[in-house]
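Reading the structure
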Amino acid sequence: MTTLFCPGYSHEPFRSLVEVYPGTSVYPSNAFRVEWGPIFHRGRLDGTARVLVLGQDPAQHETIARRILMGTAGRRVQGFLNKLGIDNSYVMINTFIYSVYGQQGGAHHIDDAAITDYRNSWLKAILDGSQVKAVVAFGSFADKAWKKWLASADAAGRPTLAYQKLPHPTSPEAGGGDVAAATKTMLKAYNAGLTALAPAIAPADQPGAIAPYGDAFTPTDQPAIPQRDLPAGSPVWMGTTNEWAVREGSTATDKRLNIRVTASP
Ligand code: URA
């Protein structure tokens, strides 16, 4: 049996980027879960990506898997890409490389220059000589991140890429309201996003007509995270199940320091 895996960051410019990742002087520990380390990306770093996805921040699944956009959010993003016919040629980074801690952590730091600069270094590294034709920002921080890139000197003179800002894939659950109604509204926006992005991406990895979302997510709308996106030897269930990591503890500090992982047989 051959199992593909993500080769990580051993080649430039990514090797140097991960060597100089920002610590607590840039990401303060009262606003970010720095104790679990940064999580950088998921997908192709070899110049073959045609779609760039921007997410928000890693949570507990990403912390364990050491790749972003795992679990429910990740599988919904994977489904969005699959509907575009993209099952391999994508790369994803988050707005923040550490998990946001507290309600306002992201809002207080989205404009921080050092956070922006490091993220822009990643965007430059990904986009230089790349085949990226389209960018999708999931959530408003991701949208801000992309706008900050476009306003940077390194973005000047590059071809304009197709761009869509879409609701964050777990925003219906996070919103605290009617999840079914919010999901329906979000999937309408996703369908419009698919239509807008598809022409820029052609030829897709798997060309064909887009199968639009209905009013709710179906199992096929949330496919597995491929093994080739994960570090070598990662168990398959990390990509095929959703809620396998939970923060645990009776105090806020305990909860920061403990993640319970449950494997699937
Ligand atoms: N996990 C991520 O890595 N990013 C998100 O935006 C959400 C969950």
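Quantities reported herein were computed from a predicted structural model and do not represent experimental measurements. (Residues numbered from 1 in each chain as written. Predicted model: local features only at pLDDT ≥ 70, side-chain atom pairs only at ≥ 80, totals over all residues. Heavy atoms only, no water.)

Some remarks on the sheet that holds strand β5 (residues 162–166)
Heads up, the rule is: Strand pairing is assigned whenever DSSP detects at least two bridges linking the two strands. A run of H or I in DSSP counts as a helix once it spans at least four residues, and a run of E counts as a strand once it spans at least two, with each numbered from the N terminus. For helices, the fitted axis covers only the stretch in contact; all axes are lines through C-alpha atoms, and the angles between them, taken along N-to-C directions, range from 0 to 180 degrees. Any two residues whose heavy atoms approach within 4.5 Å at even a single point are treated as in contact.
If you trace the 5 strands from one edge of the open sheet to the other, you get β1-β3-β2-β4-β5, paired in mixed fashion. On the outer flanks of this sheet lie β1 (41–43) and β5, each paired with one strand and no other. Taken over all neighbouring pairs, the strand axes of this sheet differ in orientation by 15° on average, direction set aside. Across 4 bridges, strand β2 (residues 51–55) lies against strand β4 (residues 134–138) in parallel orientation. Bridge assignment links L52 to a residue of β4, and that residue is V135. Its contacts with the sheet place helix α5 (residues 113–127) against β1, β2 and β3 (90–94), and it is angled at close to 175° to β3. Most of the contacts of helix α6 (residues 140–150) go to β5, to which it runs at about 150°, and overall it touches β2, β4 and β5.

Looking at the UniProt feature "domain: Uracil-DNA glycosylase-like" (unreviewed entry) in the chain
Here is the rule: UniProt positions are given in the numbering used here, feature names are shortened, and annotations may be inferred rather than shown by experiment.
The UniProt feature table records "domain: Uracil-DNA glycosylase-like" (unreviewed entry) at residues 46–169. Spanning residues 46–169, this segment combines 40% helix with 16% strand, and its end C-alpha atoms are found 26 Å apart.

Focus: the site of the ligand
Under the convention used in this document: Any residue with a non-hydrogen atom lying within 4 Å of a molecule or strand is treated as near it. Each polar contact in these results corresponds to two N or O atoms within 3.5 Å; when the atoms are within protein, one needs to be able to donate a hydrogen and the other to accept it, and residues that are neighboring in sequence are counted only if both atoms are side-chain atoms. Here, Shrake-Rupley sampling with a 1.4 Å probe gives the accessible areas, and only protein chains in the shown set may cover a residue. A cavity, in this analysis, means grid points on a 1 Å lattice covering only the protein atoms where a 1.4 Å probe fits yet has no way out; a pocket is instead an open set bounded by protein on both sides within 12 Å along at least five of seven lines, and a residue lines either one if it has an atom within 4 Å of a point. To be counted as sitting in a cavity or pocket, a molecule needs more than half of its atoms within 2 Å of that site's grid points. Throughout, the ten residues Ala, Val, Leu, Ile, Met, Phe, Trp, Tyr, Cys and Pro are labelled nonpolar, Asp, Glu, Lys and Arg are labelled charged, and all others, Gly among them, are labelled polar.
Looking at the ligand, the residues that line it are G55, Q56, D57, P58, E62, I68, L69, A73, N94 and H168. Contacts to the ligand include L69, whose backbone N or O atom sits 2.9 Å from an oxygen atom. In isolation the ligand offers 240 Å² of accessible surface; the protein chains occlude 93% of this area. If you map the ligand onto the pockets, it falls in the largest pocket. Looking at the shell around the ligand residue by residue, the classes come out as 4 nonpolar, 4 polar and 2 charged.

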